[in-house]
Amino acid sequence: MGSRQDEFETLKNHIMNKEGNISHRAVISILGERGIGKTTLAKKLYNDPDIMKHFEVHAWVCLPQHISFRDYVEIMYTQVSSQVPEAPGDGEITHKELKLSQSLQNRTYLIVLDGLVSISDWNSLFDVLPDTNGSRILLTTHLNMKEIKHIDPQIAPIELSYLDMKHGEQLFCQRVFGAKEPPQIYWSKGYYEKIHNISTGLPLAIAVLAGVLRSKVIPMEWDDVFKQLESNGQPKPVRSIWSLAFDDLPHYLKSCFLYFASVSENVILYPDRLVRLWIAEGFVVPKKAETLEDVGFDYLKELVSRGLVQVMEKDAGGCIKLVSIHNLLHAFMESEAQDSCFLEIHHHANVANPSAVRRLAIQNYVDAYVDIPNAFPKLRSLLCDFAEDQRSSSSFGELQPQSLWGNFAELCYRACSISKNVGSNTLHGLHFLQGSRFLRVIDLNGLKMQKLPDEIGSIIHLRYLGIRNSNLEELPSSMYKLDNLQTLDVRRTNVEKVVDEFWEIEALRHVLAEKMLLPNCSVPLNNLMTLNGVVPSDFWDEKKCPLNNMIYLRSLSLSGISAPHTTALSTALRKMEFLVYLNLSGEILPSNMFTTSSMRRLQVLILHGELRGLSDSLGYRYVLPNLTILHLHKSELSQKFVDKLALLPCLAEMELLVVSYSDTTLFFHDGFPNLKKLKLKEVSTLQELVIGSRAMPVLSILAMYDCDSLKTLKVLNGMEHLQEVAIYNMPEIVVDNIKLEDEKLFYKIKRLTTPTVLTERVVPGHFVRRARIPLE
């Protein structure tokens, strides 16, 4: 970012109005061609601590091409609604545009629109966002100055230029040598001059070229690389860098990289799903003492280290949470995938030769016609994403990033030879699958269907079956015939049960659902690693519990737990030595996960419900050495239990939500050495919160929501790393006391409010008191 420091400071001044000359809802634009660093600069601004606490609401919206307007609104509303409470009476409003506008009304917000490609999209979005004084909209776009000059005439856009020699070399050396000093031969041979001539100073080109050279020997292999990038002593076009980077990949990474072409550009992906697809395709080569999933994540990390894949977000433990691919690289991949017959990608044209297609990805624009034939005799993989039909009755929370591109509802009807005038009860039958007996991967998002055809059981080579965001209510009884099935993903569907024999498929590795019944099966499932979104059957005991046969689970999410299940669940947890993620929800939950040594690998623990035997466990030493994230709901902890949690060495994020603490005073005496985020919400008994002088030395975010009884907050250790304090829907006396006792802490308070109207003029950079709207 050193090369962009001037632009960063200018944009930050505009966003925070440090000069006091912006009196309207400002639109700030970052211009530049693809690969110039617009998103990187915008992300730096978006995450800046000063900017974060300056606004009440934040949202980052990627703008994939040809996404429908209602999906743009859906993405924004999903992010905004998680930050503001629903105003009284809002539950009666179903129109998302109106709900979004009302959520932002009288609040200062920062909305980043990343990747704007159409002025018509901008005009539609701009109309939805309320004109709130002090709010900001930050655009990144490769449109030119002339095209966007009308957006906000009062603020000149910032146009990014190519990197000069000095800053380009800083970026290159950081990517190749890290903190180490480059060897003398690097300087003596003047390597960066060649790199600059080839990359032309384009940051993406520098980063990708650095990814190629970082593992090669200087000077022999470096000289060979430069020879490939030059012709008659002159550098080839920048696109040749993408080709070289692809050719330089090991054979096992080339297919994994090309697989990104199966999604539309500017789309964010969950790495877990991506790795599961790679495994189903057979791209991941087994390694001794490692699971296929671990090897797959190593592949992904190598693509990241080479600059070919971007990490969009990491979790509190530093693990990759979201990834994406740059648009320039995506365009290259699409071309390479089609030219090499790796993947048939659909836009407008029909499938010319269905008998030869092996992998088919449908990326159709809105209202485009695609004729899917009745049979693909050689088809191995079918990857389709359809915007969920808004007439669907299914709704299971927020949209997943990987399903947010394109509105394919109309395409679905046409592709299956159904008239577009049919009623909302007409459902798809997937008849074209009957002639595709060699399918290994079926991944369909948003396709409106109620039932899979029974013929699915005859596709015996199927390894991955994903059907999400749909009206799917039933899985056929023939599912048990899929002996090679590794992944079943029916999240955001209405599927509540699958035939009992399904749980005898020994190849199963991942089952992801919403609330699907887990029957009492007796077959050991030694390959099963993920079991998410299931509910227990009526009766469990220590000997008759299906989890006893799933002891190699890495991820378990189980809801609907009641008292009769607790003993059996507690026994099963003692056997699960490989568990990394645990999410339990119910009336009564076991508490032995805090004390049993089998949980030593656990990194994420989310509990919704009262913990049984909590007081009995206070005498034990807690053995969760790798726990990074802890969320507790309705757990009714005591001060002694919190003191025990303080000893956890790796805990980075903790949430105590909805009656998770039972005393009136919460004192963090010491400990919590790596805690970075602490959130308290609806802890109704809490009157005083004290953070001791030796507690939480690296805490950066402290958030308190709806703790109605809280009157005092004392921070005794200075909190040098504290960046933001969020106090939301709380008694005003808390803020008053902070201002009187700790002015330094007061200025770290983020401006958060309840649904209110302004009673004072907004002074940028200062907390503003607002009055409640009287309830009728």
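Computed from a predicted structure; not experimentally measured.

What follows is about the packing of aromatic side chains. Under the definition given, this model contains 22 aromatic pairs. Ring plane angle 35° and centroid distance 6.3 Å describe the contact between Phe246 and Phe257, whose orientation is recorded as tilted. Of this pair, Phe246 sits in helix H13 (residues 239-247) while Phe257 sits in helix H14 (residues 251-258), and the two are eleven residues apart along the sequence. A connected cluster of aromatic rings, assembled from ring pairs, spans Phe172, Phe177, Tyr186, Trp187, Tyr191, Tyr192, Trp222 and Phe226. Over the aromatic face of Phe342 sits the side chain of Arg359, whose NZ or CZ is 4.4 Å from the ring centroid. Note that Lys679 overlies the ring of Tyr705, its terminal NZ or CZ placed 5.0 Å from the centroid.

With that out of the way, let us pick up the confidence of the model for the protein chain. When pLDDT is averaged across the protein chain, the result is 82; 85% of the residues are at 70 or more. For the protein chain, strand S31 (residues 770-772) is the element with the lowest average pLDDT, namely 28, and strand S15 (residues 487-489) is the one with the highest, namely 97. A low-confidence stretch, residues 365-370 stays under pLDDT 50, and its non-local contacts, those more than four residues away or across chains, total 23 contacts.

Following Ile218, the chain continues into Pro219 via a peptide bond in cis, with omega recorded as 0°. Despite not being glycine, Glu636 has its phi angle at roughly 55°, a positive value. Here Glu636 lies in the loop between strand S21 (629-633) and helix H20 (639-645). On the basis of relative accessibility, which here comes to 43%, the residue Glu636 falls in the partly exposed class.

Take the packing of H13 against helix H17 (residues 327-339) next. Their axes nearest at 11 Å, the elements H13 and H17 cross at an angle of 65°. Remark: the crossing between H13 and H17 carries right-handed chirality. Here Arg239, Trp242, Ser243 and Phe246 of H13 come into contact with H17, specifically with Leu328, Leu329, Phe332, Ser335 and Glu336. Its residues placed into classes, the contact of H13 with H17 shows five nonpolar, two polar and two charged.

Our focus in this paragraph is the sheet that holds strand S27 (residues 712-715). Ordered in space as S23-S25-S27, the three strands form an open sheet in which the pairing is parallel. Two strands in the sheet have a free side with no partner beyond their single neighbour: strand S23 (665-671) and S27. Here the average twist between neighbouring strands, direction ignored, is 5°. The pairing of strand S25 (residues 688-695) with S27 spans four bridges and is classified as parallel. Along S27, the bridge assignment pairs Glu688 with Thr712.

Attention now moves to the nonpolar core. Soluble globular proteins tend to bury their nonpolar side chains together. Residues Trp503, Leu547, Phe594 and Phe668 are the most contacted members of the largest nonpolar core, which totals 109 residues. Residues Trp60, Cys173, Phe342 and Val441 belong to the second largest nonpolar core, which totals 95 residues.

Where helix H4 (residues 69-81) contacts helix H6 (residues 119-128), the axes come no closer than 11 Å and their chain directions differ by 45°. Here H6 runs oblique to H4, going by the angle between their axes. For the element pair H4 and H6, the recorded crossing hand is right-handed. Facing Phe69, Tyr72 and Met76 of H4, the residues of H6 in contact are Asp121, Ser124, Leu125 and Val128. When the residues that make up the contact of H4 with H6 are grouped by side-chain class, the tally is five nonpolar, one polar and one charged.

Within the secondary structure layout, Arg136 lies in strand S4 (residues 136-141). Despite being buried, Arg136 has no salt bridge partner; Asp152 is the closest side chain of opposite charge, sitting 7.8 Å away. At a separation of 3.1 Å, a polar atom in the side chain of Arg136 contacts the main-chain carbonyl oxygen of Ile15. Here the side chain of Arg136 touches Gly134 through a polar contact of 3.5 Å, landing on its backbone oxygen.

Scoring rules and cut-offs
Residues numbered from 1 in each chain as written. Predicted model: local features only at pLDDT ≥ 70, side-chain atom pairs only at ≥ 80, totals over all residues. Heavy atoms only, no water. Phe/Tyr/Trp six-rings, centres within 6.5 Å; stacked < 30°, edge-to-face > 60°. Helix = DSSP H or I, 4+ residues; strand = E, 2+ residues; numbered from the N terminus. Lys NZ or Arg CZ within 6 Å of the ring centre and 35° of its normal. pLDDT = per-residue confidence, 0-100. Contact = heavy atoms within 4.5 Å. Buried < 20%, exposed > 50% of the residue type's maximum accessible area, 1.4 Å probe, protein only. Axes fitted to C-alpha atoms, helices over the stretch in contact; angles between N-to-C directions. Left-handed = near helix turned anticlockwise from the far one by under 90°. Nonpolar A, V, L, I, M, F, W, Y, C, P; charged D, E, K, R; others polar. Pairing = 2+ DSSP bridges. Core = buried A, V, L, I, M, F, W, Y, C linked by side-chain atoms within 4.5 Å. Parallel < 35°, antiparallel > 145°, perpendicular 65-115°, else oblique. Lys, Arg positive; Asp, Glu negative; His and termini not counted. Salt bridge = Lys/Arg side-chain N within 4 Å of Asp/Glu carboxyl O. Polar contact = N/O pair within 3.5 Å; in protein donor to acceptor, adjacent residues only side chain to side chain.

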